[in-house]
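Close look at the chain arrangement
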Number of protein chains: 2
Amino acid sequence: MNLDPLPSWNDGQAKQSIVAFVARVTKKGSPDFVPEPERIATFDNDGTLWAEQPMYTQFAFALDRVMALAPQHPEWQTTEPFASLLKGDLQGALAGGEKSILQVVMATHSGMATHEFNAIVIDWIATARHPTTKRPYTEMIYQPMLELVAYLRANGFKTFVVSGGGIEFMRPWTERVYGIPPEQVVGSSIKTKFAMQDGKPVLMRLAEANFIDDGEGKPVGINEHIGRRPIAAFGNSDGDLQMLQWTAAGDGARFCLYVHHTDAAREWAYDKASSVGQLDKGLVEAAARGWTVVDMKQDWKVIYPPASK
Amino acid sequence: MNLDPLPSWNDGQAKQSIVAFVARVTKKGSPDFVPEPERIATFDNDGTLWAEQPMYTQFAFALDRVMALAPQHPEWQTTEPFASLLKGDLQGALAGGEKSILQVVMATHSGMATHEFNAIVIDWIATARHPTTKRPYTEMIYQPMLELVAYLRANGFKTFVVSGGGIEFMRPWTERVYGIPPEQVVGSSIKTKFAMQDGKPVLMRLAEANFIDDGEGKPVGINEHIGRRPIAAFGNSDGDLQMLQWTAAGDGARFCLYVHHTDAAREWAYDKASSVGQLDKGLVEAAARGWTVVDMKQDWKVIYPPASK
């Protein structure tokens, strides 16, 4: 029996490069052999493992939380960016740029204990629906990438998510959805503080940034959480470029892959000019260095897994 | 065959409590059964897995680095705390308290790339000797604790170091010495910054504190790195108390253990009054809550593993 471990991949250069790399590093006695503990693979999340259009899922979560919390915040009716959001005017709300986004994130992600935030995420991810497909967000994941993650794990790799998204927004569901446990998720975070509440210890989430796991932050986050350099890295945007550079700069066999969103019919088509998941410098560097670039339209037989019941 | 997995433990209450806990959480169908992915065990390092007297090993490292770096720093001859250190006057050097210690740490731990620091640690740990026993520091480890770490792993636990020590000071050797890989080491850290050097990405170590993984910081570090609450935690000082409290506060079966340094003949005897590894509040809480307290003199047949050749 020799079942194809990557059945959703068309038999092109991308698939062949993956299979050839795994064969090289797992073959005992080969000059490129890598011992199992060093087989670290890191995956970006938004746009690499799941869809990020028309807006980052976590931002959709934050907007839903603003609506849910509004009754407890009468002052939001007259304070931007909340007033515009509550009127359904997203563009007006975001007129303030990054500062507005940060206000929305902090208002919805801090001020509670970690176990409370965990429960909020679990409830939301179970019930929220993607605005265009109406599917749960945890079904807006890429079937070919699920197969790739599983294929690497079956070959002795330890797989990590390394995302610009919030670490505590991802951990409640990555194990169920990707088979990646919480301790193998790296992401952005706000500060937390130990406190005693009624004699029980809790960790309170503070309205203060702790770490931004994007761009130059990704190698920093990888070093802090994993402490080893990956031998394979997977991304889809310029925010992943330094992770791929950091991975490529190690000794021995290395594998870097960009998912290029080229399928306007089945998913979305965007790169250089996109405000979400911009891919510009990354494409240039991938071409110059011979990294694998997945053409979603050509390389993937399907995009999403079949709908659950 | 039913070999004792903890041969260096005398058959007393401490050993019995460990074995009973492992039996409870690993027996399928038992009400206390814990699935493997949730079997997280966290170990303090200094004083719990290896000796911390007469001074923290990492501080001995820092002092050796001051000596090694002195020729490149003529200004140290006239600047405290370095001037006193170079004269061999440790007490004088530490007269400045925490500020002096921080100066020594930053002067010896920052200003280089992570791979350079890694090489410095590997070289030092291979050659340095403990001042009183003259053994390598990696042999100043507790044989009974090594057996305990291995016993938990053999029972499906994932074992982590959670130490106030520097994360990048520990990672170069924890896998070889404890069987704990870099990605399962949590510790204190300084900030790092991504930079390009001759077209190659590096992470530069900055003279700026990032995280202090001690006391109330331990649950914060555990949450950030592991994202799950441990079901078992092992420490030896008041700096581990919040980690044990955080562990104990979870639902279901929990195990908390303090190593009490009671053996002045074979190791050191210290607790309430010690400046290194002070154990005062922890002993009170352990007694009140029925946590296991290891009496090193009574409970351990041997302290260290046999000397290597």
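A brief look at the structure comes next. This one's a predicted model, so the numbers in the text were calculated from it and none came from an experiment.

Some thoughts on unusual backbone geometry
Of note, the amide linkage connecting Gln 53 of chain A to Pro 54 of chain A takes the cis form, showing an omega dihedral of 0°. For Pro 54 of chain A, the location among the structural elements is in the loop between strand 1 (40–43) and helix 2 (57–69). Omega for the bond connecting Glu 80 of chain B with Pro 81 of chain B falls within 30 degrees of zero, at 5°, which places this linkage in the cis form. With respect to the helices, strands and loops of the structure, Pro 81 of chain B is situated in the loop between helix 2 (57–69) and helix 3 (82–86). Positive phi is not limited to glycine here, since Lys 134 of chain A has a value of about 65°.

Looking at the relation of the copies chain B and chain A
The operation relating chain B to chain A is a screw motion whose rotation component is 180°, with 0.0 Å of axial translation and a residual RMSD of 0.0 Å. These values place the two chain copies in the arrangement generated by a two-fold rotation axis. Within chain B, His 225 of chain B has its C-alpha nearest the rotation axis, a separation of 3.1 Å.

A word on the packing of aromatic side chains
Residues and elements named next belong to chain A. The final tally for this structure, using the stated rule, is 32 aromatic pairs over all chains. Taking 6.3 Å as the distance between ring centres and 25° as the angle between the ring planes, the aromatic pair formed by Tyr 142 and Tyr 304 counts as stacked. One end of the pair, Tyr 142, is in the loop between helix 6 (114–127) and helix 7 (143–154); the other, Tyr 304, is in the segment after helix 12 (296–299), with 162 residues separating them in the sequence. With respect to class, Tyr 142 is no different from Tyr 304; both count as buried. Every member of this aromatic cluster is reached through a ring pair, and the members are Phe 21, Phe 43, Phe 157, Phe 234 and Phe 255. Against the face of Phe 117 rests Arg 205, its NZ or CZ located 3.9 Å from the ring centre.

A word on the pairing of strand 8 (residues 292–295) of chain B
Remark: a regular strand shows side chains that alternate across the two faces of the sheet. Residues and elements named next belong to chain B. Here strand 8 shows a clear split, with Thr 292 and Val 294 buried on one side and none of Val 293 and Asp 295 buried on the other. Bridge count between strand 6 (residues 255–262) and strand 8: four bridges; the pairing is parallel. Following the sheet pairing, Tyr 258 is matched in strand 8 by Val 293.

Quick notes on the interface of chain B and chain A
Contact with chain B, which involves 35 residues of that partner, is made by 35 residues of chain A. Together chain B and chain A conceal approximately 3,100 Å² of surface at their shared face, both sides included; 49% is due to carbon and sulfur atoms. Summed over the three residues of chain B that lose the most area to chain A, namely Glu 183, Phe 194 and Glu 224 of chain B, the buried surface amounts to 21% of that side. In this assembly, chain B and chain A are joined by six salt bridges. In this structure, Glu 183 of chain A engages Lys 158 of chain B in a salt bridge whose closest nitrogen and oxygen atoms are separated by 2.9 Å. If you look at where chain B meets chain A, you find 20 residue pairs in polar contact (both at pLDDT 80 or more). Looking at the side of chain B that touches chain A, the elements with two or more residues in it are strand 2 (158–166), helix 8 (167–178), strand 3 (185–197), strand 4 (200–211), helix 9 (217–225) and helix 10 (241–248) of chain B.

Observations regarding the environment of Lys 134 of chain A
With respect to the element layout, Lys 134 of chain A can be found in the loop between helix 6 and helix 7. Reaching out from Lys 134 of chain A, the side chain makes a polar contact with the backbone oxygen of Pro 131 of chain A at a distance of 2.8 Å.

Quick notes on the rules
Residues numbered from 1 in each chain as written. Chains lettered and ligands numbered in written order. Predicted model: local features only at pLDDT ≥ 70, side-chain atom pairs only at ≥ 80, totals over all residues. Heavy atoms only, no water. Helix = DSSP H or I, 4+ residues; strand = E, 2+ residues; numbered from the N terminus. Least-squares fit on C-alpha atoms with pLDDT ≥ 70 in both. Phe/Tyr/Trp six-rings, centres within 6.5 Å; stacked < 30°, edge-to-face > 60°. Buried < 20%, exposed > 50% of the residue type's maximum accessible area, 1.4 Å probe, protein only. Lys NZ or Arg CZ within 6 Å of the ring centre and 35° of its normal. Pairing = 2+ DSSP bridges. Contact = heavy atoms within 4.5 Å. Buried area = accessible area lost by both parts, 1.4 Å probe. Salt bridge = Lys/Arg side-chain N within 4 Å of Asp/Glu carboxyl O. Polar contact = N/O pair within 3.5 Å; in protein donor to acceptor, adjacent residues only side chain to side chain.

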